[in-house]
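Next come the chains, spelled out residue by residue.
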Amino acid sequence: MTEVPALNPREYYRLPWSFTDNAISWLEVTTSCNLACEGCYRPNEKNGHKTLAQIAEELAVLKKLRKSDCISIAGGDPLVHPEIVEIVRMIKDGGWKPILNTNGLKLTPELLKDLKKAGVYGFTFHIDTTQKRSDSKASVEADHNALRLKFAQMLANEGGIGCSFNQTVSVKTLDQVPDVIRWAKQYPDIVHTMVFILFRSPDLNDEALDFYAYGKKMEIENMYKESPWGGDRLIKANEVVAKIKEADPLYEPNSYLGGTADPMSTKWLLASRVARGSTTFGYTSPRLMEISQHINHLFKGTWLSYADPKTTSLGRIASFLLAPFDKKMRAVARRIFIHTIKTPLSLFKPAYVQTFAIIQPVDFMADGSLNMCDSCPDITVHNGKLYWSCRLEEIKKYGCFLTAVPRKQTLHVVADKTKKAANQ
Ligand code: SF4
């Protein structure tokens, strides 16, 4: 394996999100799903739908405990919930942007119309080779690009709805990232965001950690199961960064969320490409992200998450406005200017902002600390309290988050105790 350069979070803008004032919150409306993705955080339950009354209660908890710009409606697959249109309406009426996180299997043009009327703001389609889909067969990630395009065009035809795609990435599919980026690069006008979520595993193969709940050792294999799809090692955000650069050499992240245990980790890493079709003019600067976040907070009272398609078409204006004060945006503006000189008709076409994001979920560290996303956006409600959605199964099963202990240390502690007992 060739050495991939480490990332330096200090080069990026640290998103100002916090536990109580965040851009995003997470609402799980069902645990039922019509697929079984590798690496899914929830067991698929047959009758897992929450009632509208339960959902209203969870929304009330979010309203009381946490400001947020949007609510990611998740599951299971939210589109299998028979009252999904009403749920979207409830979220919209509550003052949030409803974003549907779905595999898309149940989405029809008719349902999309109803969801739009109810106020849906955007979709994040989870499509990858961890799924056995009936609507697309794929042995590599790029095989799904035709399906991705179908969804993007469906949304574009309806108009005014944000379109994102996410996919899980393991060491086995890491090399396929550039092909998906090359595809997405052609459609910055209708593919607004691509998210790469790194496969999560506690590395049980190494048998490095023991897990405890209330001081009792627990077997967690069923909860964080290893999968052949996950490959023989975990990958980190910097490896995906290197892969995206292969497809777009100008790629450069602008902002991040760090880790709770490792200050050098970038758990959420965002980059915003300014482009027209496959032509990249550059990537927006940390300063532009800072300004956008603070303008949104000043005027709307929340940190910014998703932007609507109209706003994402303002890449040129944003670049020129910031050019006098910001070297990075000046470089973007210069490229737009040169491109316009060479192709004068492009003066009448917008430049779009397209986001590429990398999410590195919980890292199980050798010393037993669990490196979570600092100021996690995917916080959800359970029994009236807020929890990391990626570890909710621990709460459901054990009533608390598990504590990890390095196995070597466990042996060391046991050996110490034995020695002490022998000396008494
Ligand atoms: S801590 Fe877990 S739930 Fe929160 S953003 Fe990170 S991966 Fe998602």
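Residues numbered from 1 in each chain as written. Predicted model: local features only at pLDDT ≥ 70, side-chain atom pairs only at ≥ 80, totals over all residues. Heavy atoms only, no water.

### Some points on the pairing of strand β17 (residues 385-388)
Definition in use: If DSSP finds at least two bridges between two strands, the strands pair. Per the convention used, a helix needs a DSSP run of H or I reaching at least four residues, while a strand needs a run of E reaching at least two, with both numbered from the N terminus.
In the sheet, strand β16 (residues 379-382) pairs with β17 via 4 bridges, with the strands oriented antiparallel. Pairing of T380 across the sheet is with Y387, part of β17. Between β16 and the antiparallel strand that follows it, β17, lie 2 residues; N383 among them carries a positive phi value of about 45°.

### Considering the packing of aromatic side chains
Heads up, the condition is: Pairing of aromatic side chains here covers Phe, Tyr and the six-membered ring of Trp, requires ring centres within 6.5 Å, and sorts the geometry by plane angle: under 30 degrees stacked, over 60 edge-to-face, intermediate tilted. Think of it in three bands: residues with accessible area under 20% of the maximum for their type are buried, residues over 50% are exposed, and the middle band is partly exposed, with areas taken using a 1.4 Å probe on protein chains only.
Applying the stated criterion across every chain, the model contains 13 aromatic pairs. Ring plane angle 75° and centroid distance 5.9 Å describe the contact between F165 and W183, whose orientation is recorded as edge-to-face. Taken together, the residues span a long stretch of sequence, with F165 in strand β6 (residues 162-169) and W183 in helix α5 (residues 177-185) at a distance of 18 residues. Residue classification places W183 among the buried residues on the basis of a relative accessible area of 7%.

### What about helix α7 (residues 286-300)?
Stated precisely, the cut-off is as follows: For a helix, the expected span equals 1.5 Å multiplied by the residue count minus one. Directions drawn from the helix axis to the C-beta atoms are what define this arc.
Taking 1.5 Å of rise per residue, the 15 residues of α7 would be expected to cover 21 Å, and the 21 Å separating its terminal C-alpha atoms lies within 8% of that figure. Inspection of α7 places P286, L288, M289, Q293, N296 and H297 among the buried residues, and these make up the whole buried set. The arc that holds every buried residue of α7, seen down its axis, measures 165°, which confines them to one face. Summarising the geometry of α7, the exposed residues directed more than 90 degrees from the buried face are L298 and F299.

### Comments concerning the site of the ligand
In plain terms, the rule: In these notes, residues near a molecule or strand are those with any non-hydrogen atom within 4 Å of it. Any residue outside Ala, Val, Leu, Ile, Met, Phe, Trp, Tyr, Cys, Pro, Asp, Glu, Lys and Arg is labelled polar, Gly included; the first ten of those are nonpolar and the last four are charged.
W268, P361, M372, C373, C376, P377, D378, W388, S389 and C390 make up every residue found near the ligand. In terms of residue class, the shell around the ligand is made up of 8 nonpolar, 1 polar and 1 charged.

### Quick look at unusual backbone geometry
Put simply, G75 and G76 share a cis peptide bond, and its omega is 20°. In this fold, G76 is placed in the loop between β3 (67-74) and α2 (84-93). Positive phi values are uncommon outside glycine, yet Y214 reaches one of about 45°. Within the element layout of this structure, Y214 appears in the loop between β8 (209-213) and β9 (216-218). With a phi angle near 70°, S375 is a residue other than glycine that sits in the positive phi range. Mapped onto the fold, S375 is located in the loop between β15 (370-371) and β16.

Functional significance is not addressed by these values, which are geometric in nature.
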